[in-house]
Amino acid sequence: MMCKSMRLCWATLLLLAFAAQAEVKVPAIFSSHMVLQADQECPVWGWADAGEDVTVEFAGQKLAAKPDGSGKWMARLAAMKANANGQVLTIRGKNTITLEDVLVGEVWLCSGQSNMEFTVRQSDNSKDELASANHPRIRHIKLQHRPSDKPMTDVPSTGWEVCTPTTVGNFTAAGYFFGRQIMKDLDVPIGLIGSNWGGTRIEPWTPPEGFKQVPALKDITDKLDTFPAKAPDKKDATKMVINHQSPLALYNGMIFPLVPYTIRGALWYQGESNNGEGMLYFEKMKALIGGWREVWKKPDLPFYYVQIAPYTYKSPEKLPGLWESQQAALSIPNTGMANTMDIGNVKNIHPTNKQEVGRRLALWALAKTYGKPQAVLCGPLYKSCKIDGNKVRISFDFVGGGLTSRDGKPLTFFTIAGEDKNFVEAKAEIEGETVVVSSDKVAKPVAVRFGWTEIAEPNLANKEGLPASPFRTEK
C-alpha cells in the first residue's frame, strides 16, 4: 500500500511539473492596466514549451507565435493609435493569460538614482497632489531593486498601477509630473516605467554595447568579462554578493528584462553619485545613451535628463565640473536638459519641487519628440564670449523673450580673472541678449565663470522664468 501510495504521489508530482512547464508565461512588464506605446510596433513575448502554438489577441489583431528551442516566443502588434479605452490583451497556449484594461499611449522609462526614485508623497504640496490625482489614463510600474551578474529575462515589479489618490504617492515624482504635463497637452494615456535605485552610479545602468562605443572608457571595456564585480556580504563575510554599483549590474537586472518593450523615450535623473568626475561623466553619458539606443534598436531614442541641483558636498568646484559635463551631453543628438539651479536646496540633496522638474523635462519632449512648439526649452546656455578692453561680453542660446534677473537684484555668481587666473567677484549687467562682465580689480580679463561653486543659486534667467546654467569660458 505504501509503495502504491508513493507511486501515485510521484505521478502526481510529475503531472504537476509537466503542467507548470507547459504554461505560457510573460514577463512582469506585461500586466493588467499596462500601457502599450502608440504609433509604433509593440513586441509581446514570453515562454512556453518548444513547438507550442501561441496566439496573441489585442485591438482586433490576432497573431501567432512559435517558441524557439529555448522556449521563448514573440509576437509583434502592429502600430496602433492612442486609445484611452481599456481593452483586453489575451495570450493563449495550453493556458490563457488575460490582461485587462490595457491602454495605448506614450510610454517613458524613468531611470536614475534617488531623485528619480523620489516619490510624489515626498514632494511639495503632497497632500493636495495626492487628493487631486484622479488620472486613470496615467499608469506606473515600479521595478524591484535587483542587480545581476548576467542578463535576466524578468524582474519583479509592482505590476502596472492606475493613478489614483491611493496609488500615486509611490510613483516617481519627476516622472509623474512629466507624464501629467504630456497627458494634459497631448490628451493621451501615459505609461511610466520606474527602473531606478537611490545612490546608484551611472556605470551599473550602462549596457556593454554602450561602453564599447566610447574610446575614453576603454579601461572598463577591456574588463567587461570581469563585471559585475562581487564583494563580501556585509552580513556574512564568507559569502560573496553582486556589487550593485559595478558596471553592468543594474543593466543586467533592471534594464535588460525590459527590452524590447516599446518605449517612446527615456528620462534620466542621476549624477550625484558620480560627482567629482568632471568631463569623464560626459563620456559615461555617451555610453549610457548610446547603449540604450543600441539595445532598443532605436538610434534616435529621445533622452531627456536633469542637471542636478546645487548642494553642499563640501568640495566647491567638483559639482560645477559635473554640471559642465551634463551640459556637454546636449551635443548628443535628440537629448534635452532640465536645469534645477533655482529650485534646489543646498542643504538637501533631494529638491522637493519635482513639479517643476517634470514640467521642464516635458518642455523638451513636447517640442522635440511631439513637435509642439514651445516658447523656450530651457534657461540661457553659454554660447560665446568676446573680450573688449577690461570687459567680457557673454552671449547665450535659449534667451527666449530676453535675459533678466529673476529676483530683480544685480546679477550674482559671476567671477572674472586676468592672466594670473585669480578669479574675483565681478559686476555683470544685461545688455540686450548679452551679459557684460567686468571688475575694477581686473584690467585685462581672460576668462569668466558663472555659478562655479556647488552652492551657486544665481539669479540670471530668461523672461520665461528658466534659470541659466553654470559655465566657464576658459577651456
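This text follows the structure it describes.
Quick caveat: nothing in here was measured; it's all calculated off a predicted structure.

Novice: Honestly, the side chain of serine 123 in this entry has me stumped. Any pointers?
Specialist: Position of serine 123 among the secondary structure elements: in the loop between α2 (114-117) and α3 (126-131). Judged by relative accessible area, which is 5%, serine 123 ranks as buried. Within the structure, serine 123 has its side chain in polar contact with the backbone oxygen of threonine 119 (distance 3.0 Å). Dropping the residues within four chain positions of it, serine 123 is found in contact with Phe118, Ala173, Phe177, Thr352, Lys354 and Gln355.

Novice: I'm lost on helix α4 (residues 173-186) in this one. Help?
Specialist: Residues spaced three or four apart along an α-helix face the same direction, because each turn holds 3.6 residues. In this model α4 runs 20 Å from its N-terminal to its C-terminal C-alpha over 14 residues, within 8% of the 20 Å that 1.5 Å per residue would give. Extensive coverage of α4 is indicated by the burial of 10 of its 14 residues. Of all the residues in α4, the buried ones are Ala173, Ala174, Gly175, Tyr176, Phe177, Phe178, Gly179, Ile182, Met183 and Leu186. Two to three positions downstream of the cap, the backbone nitrogen of glycine 175 sits 3.3 Å from a side-chain oxygen, assigning the N-cap of α4 to threonine 172.

Novice: It is not clear to me how the environment of aspartate 300 should be interpreted in this structure. Could you clarify?
Specialist: One can find aspartate 300 in the loop between α8 (280-295) and β14 (303-307). Residues aspartate 300 and serine 123, spaced 177 residues apart in sequence, show a C-alpha to C-alpha distance of 32 Å. Apart from the residues lying within four places of it in its own chain, the contact partners of aspartate 300 are Arg293 and Asn334.

Novice: Help me understand helix α9 (residues 318-328), please; the structure alone is not making it clear to me.
Specialist: A large share of α9 lies buried, amounting to 8 of its 11 residues. Leu319, Pro320, Gly321, Leu322, Trp323, Ser325, Gln326 and Gln327 are the residues of α9 that are buried. The elements touched by buried residues of α9 are α8, β14, β15 (335-339) and β16 (381-388).

Novice: Please clarify how the pattern of salt bridges should be interpreted in this entry.
Specialist: If you walk through the whole model with that rule in mind, you get 27 salt bridges. The residue glutamate 324 makes a salt bridge to arginine 472 at a minimum N-O spacing of 3.0 Å. Of this pair, glutamate 324 sits in helix α9 while arginine 472 sits in strand β25 (residues 471-472), and the two are 148 residues apart along the sequence.

About the thresholds
- Residues numbered from 1 in each chain as written.
- Predicted model: local features only at pLDDT ≥ 70, side-chain atom pairs only at ≥ 80, totals over all residues.
- Heavy atoms only, no water.
- Helix = DSSP H or I, 4+ residues; strand = E, 2+ residues; numbered from the N terminus.
- Buried < 20%, exposed > 50% of the residue type's maximum accessible area, 1.4 Å probe, protein only.
- Polar contact = N/O pair within 3.5 Å; in protein donor to acceptor, adjacent residues only side chain to side chain.
- Contact = heavy atoms within 4.5 Å.
- Expected span 1.5 Å × (residues − 1).
- Salt bridge = Lys/Arg side-chain N within 4 Å of Asp/Glu carboxyl O.

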